[in-house]
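Understanding the architecture of this molecule
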Amino acid sequence: MRVPLTWLRELIDLPTNDVTELGAILAMLGHKVEGIEVLEVPWTDVVVGRVLEVSPHPNADNIRLCQVEAGGAPEQIVCGAWNFEAGAHVTVARPGATLPGGHVIGRREIRGVVSNGMICSERELGLGDDHQGILVLDGEPPIGAPFETLLELPDIVFDLEITTNRPDALSILGIARDLGAHFGIMSRLPDTVLATSGQPTRFRVDIEDPVGCQRFTLREIEGVTVDRSPLWLRHRLAKVGVRPISNVVDVTNYVMFELGHPLHVFDADTVAGERLVIRRASVGEKLETLDHVMRDLGPEDLIIYDAEGPTSMSGTMGGARSEVSATTTRILMEAASWDPPTIMRMSRRHDLRSEASARFERGVDPGLADLANRRATALVSELGGGSVLDEAVDVVTGDITPIVVELRTTDVERVLGAGFDTETITDILGRLGMTVEGGEPMRVTVPTFRPDLTRPVDLVEEVARLHGYDRFDATVPTGGSGGLTVEQRRQRVLVSTLVGAGLDQAICLPFVGVEEASALGYSAGELLTVRNPLREEESKLRVSLLPGLLAAVRHNVSYGASGVGLFEMGTVFTTVVSDDDPRLPHQPERLAWAIIGEVGMQVMAEKVIAADAHVSLGLLRLIGLALDVDFETIRSAPPGFHPGRTAEVRIAGTAVGHVGELSPLTASRFDLGPTVAAAELDLAPLVAPREPHTAVSPSIYPHVDYDLSFRVDADLPSATLVQATIDSVRDLVETCRVFDEFWDSSLGEGKKALAITYRLRAPDRTLTAGEIGRIRARMIEAAIDLGAELRGS
Amino acid sequence: MDPVAILERVIAAAPQAVDAAGSLDELEDVEASLLGRSSEVADVRRGMSTLDEDLRPRVGAMLNEVTERLNGMVAARRAMLKRSAETDRLTSESIDVSLEAVRFPLGATHLIQQTIDEVVDIFVGLGYQVASGPEAELAWYNFDALNTPPTHPARLESDTMYLDWGDPGDEVLLRTQTSPVQARWMETHEPPVYVVVPGKCYRTDTVDATHLPVFHQIEGLAVDEGIVFSDLKGTLLHFAREFFGPATSVRLRPHFFPFTEPSAELDVSCFACDGDDPGCRVCTGAGFLEMLGCGMVDPNVFEAVGYDPGAVTGFAFGVGVERLAMVRHGIDSIKHFIDNDRRFLEQFR
């Protein structure tokens, strides 16, 4: 909402001229200042003049000599325009004047005659494109007055953000009222004195939809001349950002900005019959609107009908059939109170968002309709002539009496703290135009222009607003006893661990295309659909974190990264019913990673590790150590993953996801590959609380190291062999590690060799040579039970 | 010759000889010349038996003392030469300490995650708990429970993404704010409530420099007996100072939200210029930065979740995480947060 200071001053006598201070006050009243525009005078030395005499130029036919009075002795000015005669009030750029664009006016000779300055056109003054003739001023402005005073320049325009609960503040009057409340002074209404002809109007209005239309006022004006608006009106509209059209239309806009009530005008001669009916449209009806678009109407549309059918849409746009034109002489001025939700739906359905619909959507004061109509009618008859007929239509279907809210000081003090007595509250509410009666409770009558104030707490906000948010203390409540949960803390450990391993945390958009999801084995039916997506590619929600991560990996590769490791923790969406709330889909949190190329520690000149399934498995074990979770990995072939190089991950027998490598085909579908290490795991079981460990004191006895090498079936998991050998000697193995795995033709078909190194140490004694021999034998025996054969030690 | 004179001469000349030894080998030669078989000291020792009885004790004592002192001098010099040799050896092993021969991997926690953690920790320090809730949420929690009228424009498909899911009476959408978790938390917890809710939110916004269809918000809610407007102000002032620096000041401006009354927007003083630079790149001269929306919980919200609005009061606020991070780090486009470009992510390790 653009508010010119000069216009504002017409409705309130502000006690300060300090623009910065006014801006701060407006902001603290809840009208955020988005900008303060300073409108400068774009010329110097341009004054109002009167043409006393016009005579031909002795040496030219197309220009004339004018004697112009402009605040001193009459002077001669040569002028090439013909759109005026003696007596016209014009703008005179005196010798030495500077016009927009830096053009300096001198005293100069034109075809042998001295011209003492210039009579200006609108274009020369930068006011518009009109260069048909010079600017002839309306009325009788004072001769010699600086021209800029007629345009209220210089001026300041506040650009305010008006919150949706304050339709009343979408007007100069509303802002004046709020400033009045702040300063404790009264704002005033514009003049609405109306002279009528004594002839009654024959127009009648029937409201058949009292929900949609609470009030409808109509005035008829005869003998109007539709013309350009006077300069002052056009210039005020320009300041608030509206393009002038004609006096009649400009008046409706002017009053809308002034008072906050939108209006509409009909050409009365194009309205069929003399009865307007307001009701919902029927399917199949059509209406051509002012923008010459043929609208298909429906039962949600609230329409004004005349004898021929739909003639105007409520609150959004008038009809083309009854549009005011240059030849219009009889008009109907409409100011109606429309149902906000109805206008909101219509404006969106027909894509007709306007200054008017914006106001009606928020709620225009029904108490204001007749006042706005009178104001607009008065202005039209002032500017366009014509006489106003009597017996104006004012149909009221709703209750438009002000409401009464009961308010106790305790209501205020509970929310705002101590220090608000009835006197303070009464003063503040009174300044806002409310009447307050009684003590406890106070009976507060709320004016109809504040539809947002219906409950005690709404009045509490007004008290706070006018008291000033900046005057409240700053205190901190101490009643909380919080902290992170175990799961939340463990989740942070998880992030730190992956970051410590060199992975970057990614956050991807959770939308996915059907094709990407199908690359990972998800069918379209497993994807949750957004009913109103921004783009078709974003119409499905991710059921896996991997497509997003793979796209992000590809982004990095495209910028030349030789190794990229990304992980994400986030929600995925399924089409399974949630256990927590059966009305919702199951939406678990997941952890996933995707890694390609170089990973891990980099040592100069030494080959770095390239991401593969082993890297994924290594990361899994790192997480296991960091979070104290024992993972079981069982070879598995989920869709999209490499069937031989992927494991299902289990915690205590329960599957929690997969770790390994993507299949090269999947990788290629994401323009990656061939080898992408990847994993996707349920987050909840990873970060679930653990039982605390019971400490074991480190043994003080010496250790023994030895290696065992076995020939085993190629598909025997190394972990099974390792576990069997450890279990055979109980607590004596302190650490062990498979340090070699190889296949060789010498081993025989379907066989592999595993070399394991063990460190043994007893908690309570030094192991003797004999004991070590027996332990070793037991471990070998356990391996043999699994079909292994000792190759060496 | 007089043995005493010999010994005196030897001991007088010894320091210079010992110090002249520039290496361990040279020192061995010097040691041999001072104390070896053919040294003058050895000669004196061998001549002891030929000395007069009355001279013998004195010369003997002197001999022992000289031997001991010479040994001491040689040992000290040897230790010094050894140290010096070790130093030379270590110096010869010098490396280029500017060379990054071994590079340990270190990734980056996403800046959004870091920002969330930091804000959460500030409120945990004030005694808040951390809650979460579903991103695919019932319209009831996202709007109705938060006092949003059925006709509110925020509910329109032009603003909110709806899902093809479930019963038409229980419309499911992608939550547009973290506030529905407020309602869920209050439904399942009795007051007092001190909780923050970080999480993803969704709006039908196309991606540009300042908009994403998915962004992060942190919701805060305090409900207790006797919570007043000043508590909201003080809590947010504390937050602003912890996050932007101890000199930060805040300004509350009246605003409008359906779920709070009174409502406010919080501006924080510009941490870059503190309002002193009309050309400031952070606040563009305004001196303040618009930071978040907040207010006192509307009684209708309490009623929707089964709290007695006559018994408790509370405040709530919601802050955009992307905005916090962009403002503090001078990030020019919100798109950086979803591009997941390592070159961006790893600036914030």
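Everything numeric here is computed off the predicted structure, so don't read it as measured data.

Moving on, we come to the overall build of chain A. Each helix and strand in chain A was counted, giving 19 helices and 41 strands. Rg of the C-alpha trace for chain A: 42 Å, well past the compact-globule value of 28 Å for 793 residues, more than 25% over. Taken over the C-alpha atoms alone, chain A extends approximately 135 × 75 × 60 Å along its principal axes. The burial tally for chain A puts 51% of its 793 residues in the buried class. Here the contacts in chain A between residues at least 6 apart in sequence split such that 69% fall between residues at least 24 apart. Roughly 34700 Å² of accessible area belongs to chain A as shown, and the carbon and sulfur atoms make up 50% of that amount.

We now examine the interface of chain B and chain A. Across the contact, 97 residues belong to chain B and 87 residues belong to chain A. Between chain B and chain A, the buried area comes to about 7600 Å², and carbon and sulfur atoms account for 59% of it. On the chain B side of the contact with chain A, Trp165(B), Pro254(B) and Glu261(B) bury the most area, a combined 9% of that side's loss. Inspection of the chain B/chain A interface yields nine salt bridges. Across the pair Asp117(B) and Arg492(A) runs a salt bridge whose closest N-O atoms are separated by 3.7 Å. Between chain B and chain A we count 45 residue pairs in polar contact (both at pLDDT 80 or more) in total. Counting residues per element, the side of chain B that touches chain A draws most heavily on helix H8 (residues 229–244) of chain B, at seven residues. Considered class by class, the residues forming the side of chain B that touches chain A number 48 nonpolar, 23 polar and 26 charged.

All right, on to the sheet that holds strand S19 (residues 302–306) of chain A then. Residue and element names in this part refer to chain A. Taken in spatial order, the four strands of this open sheet run S13-S16-S19-S20, and their pairing is mixed. Because the sheet does not close on itself, it has two edges, and the strands there are strand S13 (204–207) and strand S20 (309–313). Strand-to-strand twist across the sheet, computed as the mean angle between neighbouring axes with direction ignored, equals 30°. As paired elements, S13 and strand S16 (residues 275–280) share four bridges and run parallel to each other. The residue of S16 that forms the bridge with Val-205 is Leu-276.

In this structure, Pro441(A) follows Glu440(A) across a cis peptide bond, with omega equal to -5°. Tracing the chain through its elements places Pro441(A) in the loop between strand S25 (435–437) and strand S26 (442–446). Cis peptide bonds are those with omega within 30 degrees of zero, and the linkage from Glu261(B) to Pro262(B) qualifies with -5°. Assignment of secondary structure puts Pro262(B) in strand S8 (residues 260–269).

What follows deals with the domain arrangement of chain B. Taken as a whole, chain B is organised into domain 1 (3–93) and domain 2 (111–348). Between the C-alpha centres of domain 1 of chain B and domain 2 of chain B the distance comes to 86 Å.

Glancing now at the packing of aromatic side chains. Two measures describe an aromatic ring pair: the distance that separates the ring centres and the angle between the ring planes. On inspection of all chains with the given rule, the structure shows 21 aromatic pairs over all chains. Seen in terms of ring centroids, Phe244(B) and Phe271(B) are 5.5 Å apart; in terms of plane orientation they differ by 15°. Their pairing is stacked. You can see Phe244(B) sitting in helix H8 and its partner Phe271(B) sitting in the loop between S8 and strand S9 (288–297), a full 27 residues away along the chain. Relative accessible area serves as the criterion here: at 10%, Phe244(B) is assigned to the buried category. Members of the aromatic cluster, connected to one another through ring pairs, are Phe123(B), Tyr128(B), Tyr194(B), Phe239(B), Phe243(B), Phe244(B), Phe271(B) and Phe317(B). In this structure, Arg279(A) is placed above the aromatic ring of Tyr305(A), and the distance from its NZ or CZ to the ring centre is 3.8 Å. Arg328(B) extends its terminal NZ or CZ atom over the ring of Phe243(B), reaching a point 3.9 Å from the ring centre.

Moving on, we come to the pairing of S20(A). Residue and element names in this part refer to chain A. In terms of burial, S20 is largely enclosed, as five of its five residues are buried. Here four bridges tie S19 to S20, and the two strands are oriented antiparallel to one another. Within S20, the position partnered with Ile-303 by the bridge is Met-313. With antiparallel pairing between neighbouring strands as the criterion, S19 and S20 make up a hairpin whose turn holds two residues.

This part is about the packing of helix H2 (residues 19–28) of chain A against helix H3 (residues 172–183) of chain A. Residues and elements named next belong to chain A. Running from amino to carboxyl end, H2 crosses H3 at an angle of 95°, the nearest separation of the two axes being 11 Å. As far as their axial angle goes, H3 and H2 are roughly perpendicular. In contact with Leu-22, Ile-25 and Leu-26 of H2, H3 contributes Ile-175, Leu-179, His-182 and Phe-183. Split into classes, the residues belonging to the contact of H2 with H3 amount to six nonpolar, one polar and no charged.

To continue, consider the environment of Pro154(A). Residues and elements named next belong to chain A. Take Pro-154: it is sitting in the loop between strand S10 (118–119) and strand S11 (155–161). Owing to a relative accessible area of 52%, Pro-154 belongs among the exposed residues under this scheme. Along the backbone, Pro-154 and Phe-573 are 419 residues apart, and their C-alpha atoms lie at a distance of 59 Å. The contacts of Pro-154, once residues within four sequence positions are left out, are Thr-6, Leu-39, Glu-40 and Val-41.

With that settled, consider the nonpolar core. Nonpolar side chains in soluble globular proteins tend to end up buried together. Grouped together as the largest cluster of nonpolar side chains are 194 residues, with contacts concentrated most on Leu8(A) and Leu416(A). At eight residues, H8(B) tops the list of elements feeding residues into this core. Here Leu416(A) is in contact with Val460(A), Val463(A), Ala464(A), Phe472(A), Val228(B), Phe229(B) and Pro262(B), once residues within four sequence places are set aside. Grouped together as the second largest cluster of nonpolar side chains are 31 residues, Val615(A), Leu617(A), Leu683(A) and Leu686(A) included.

A word on the side chain of Arg542(A). Among the structural elements, Arg542(A) can be located in the loop between strand S29 (540–541) and helix H14 (546–558). From its side chain, Arg542(A) meets the backbone oxygen of Thr571(A) in a polar contact 2.9 Å long. Contact partners of Arg542(A), with chain neighbours within four places excluded, come to Cys508(A), Leu509(A), Pro510(A), Val512(A), Glu568(A), Gly570(A), Thr571(A), Val572(A), Phe573(A) and Lys200(B).

With that out of the way, let us pick up the state of the cysteines. If you walk through the whole model with that rule in mind, you get zero disulfides over all chains. Looking at Cys273(B), it has no disulfide partner, and the nearest cysteine sulfur is the one in Cys283(B), 3.6 Å off.

The sheet contact formed by S16(A) and S19(A) spans four bridges and is antiparallel. Looking across to S19(A), one finds that Ile278(A) is bridged to Ile304(A).

Residue and element names in this part refer to chain B. If you check helix H1 (residues 3–20), its first and last C-alpha atoms are 25 Å apart, about what 18 residues at 1.5 Å a residue would give, namely 26 Å. Bending of H1 peaks at approximately 40° at the position of Ala-14, with proline Pro-15 no more than four residues after it. For H1, the complete set of buried residues consists of Pro-3, Val-4, Ile-6, Leu-7, Val-10, Ile-11, Ala-14 and Val-18. For H1, the elements touching its buried residues are helix H2 (24–35), helix H3 (40–47) and helix H4 (56–92). Residue Asp-2 occupies the N-cap position of H1, its side-chain oxygen lying 3.0 Å from the main-chain nitrogen of Val-4.

We now examine helix H6 (residues 340–349) of chain A. Residue and element names in this part refer to chain A. Listed as buried for H6 are Pro-341, Thr-342, Ile-343, Met-344, Met-346 and Ser-347. Elements in contact with the buried residues of H6: S16, S19, S20, strand S21 (331–338) and helix H7 (355–362). Looking one or two residues beyond H6, the residue adopting positive phi is Asp-351, at roughly 50°.

Let's shift gears to the pattern of salt bridges. Residue and element names in this part refer to chain A. Counted by the stated rule, this structure contains 81 salt bridges over all chains. Close ionic contact of Asp-370 with Arg-219 constitutes a salt bridge, the shortest N to O distance being 3.0 Å. Of the two residues, Asp-370 is situated in helix H8 (residues 369–384) and Arg-219 in strand S14 (residues 213–222); the sequence distance between them amounts to 151 residues. Each member of the pair, Asp-370 as well as Arg-219, carries the same accessibility label: buried.

The next thing to look at is a nonpolar patch on the surface. Taken together, Met601(A), Val102(B) and Phe104(B) make up a surface patch of nonpolar side chains, about 310 Å² in accessible area. With respect to the helices and strands, Val102(B) occurs in strand S1 (residues 102–103). Val102(B) sits in the partly exposed class, given a relative accessible area of 42%.

Next up on the list: the confidence of the model for chain B. If pLDDT is low for a region, its predicted coordinates should not be looked at in detail. Confidence in the prediction for chain B averages 93 pLDDT; 100% of positions are at 70 or higher. For this predicted complex, the interface score ipTM comes out at 0.89, alongside a pTM of 0.88.

On to the sheet that holds strand S24 (residues 403–407) of chain A. Whether parallel or antiparallel, the strands of a sheet pair through hydrogen bonds between backbone atoms. All names here are of chain A. One open sheet accounts for three strands, arranged S24-S26-S25; its pairing is antiparallel. This sheet does not close on itself; its edge strands, each paired only once, are S24 and S25. When the angles between neighbouring strand axes are averaged without regard to direction, this sheet yields 25°. Sheet topology places S25 next to S26; three bridges connect them, and they run antiparallel.

Reading the values: rules and limits
- Residues numbered from 1 in each chain as written.
- Chains lettered and ligands numbered in written order.
- Predicted model: local features only at pLDDT ≥ 70, side-chain atom pairs only at ≥ 80, totals over all residues.
- Heavy atoms only, no water.
- Helix = DSSP H or I, 4+ residues; strand = E, 2+ residues; numbered from the N terminus.
- Rg over C-alpha atoms; globule rule 2.2 N^0.38 Å.
- Buried < 20%, exposed > 50% of the residue type's maximum accessible area, 1.4 Å probe, protein only.
- Contact = heavy atoms within 4.5 Å.
- Areas by Shrake-Rupley, 256 points an atom, 1.4 Å probe, with all protein chains shown as cover.
- Buried area = accessible area lost by both parts, 1.4 Å probe.
- Salt bridge = Lys/Arg side-chain N within 4 Å of Asp/Glu carboxyl O.
- Polar contact = N/O pair within 3.5 Å; in protein donor to acceptor, adjacent residues only side chain to side chain.
- Nonpolar A, V, L, I, M, F, W, Y, C, P; charged D, E, K, R; others polar.
- Pairing = 2+ DSSP bridges.
- Axes fitted to C-alpha atoms, helices over the stretch in contact; angles between N-to-C directions.
- Domains from an automatic or database assignment.
- Phe/Tyr/Trp six-rings, centres within 6.5 Å; stacked < 30°, edge-to-face > 60°.
- Lys NZ or Arg CZ within 6 Å of the ring centre and 35° of its normal.
- Parallel < 35°, antiparallel > 145°, perpendicular 65-115°, else oblique.
- Core = buried A, V, L, I, M, F, W, Y, C linked by side-chain atoms within 4.5 Å.
- Disulfide = S-S within 2.5 Å.
- Expected span 1.5 Å × (residues − 1).
- Bend = angle between axes of the 7 residues up to and from the residue.
- Patch = residues over 30% accessible without salt bridge, like charges linked within 9 Å, V, L, I, M, F, W, Y side chains within 5 Å.
- pLDDT = per-residue confidence, 0-100.

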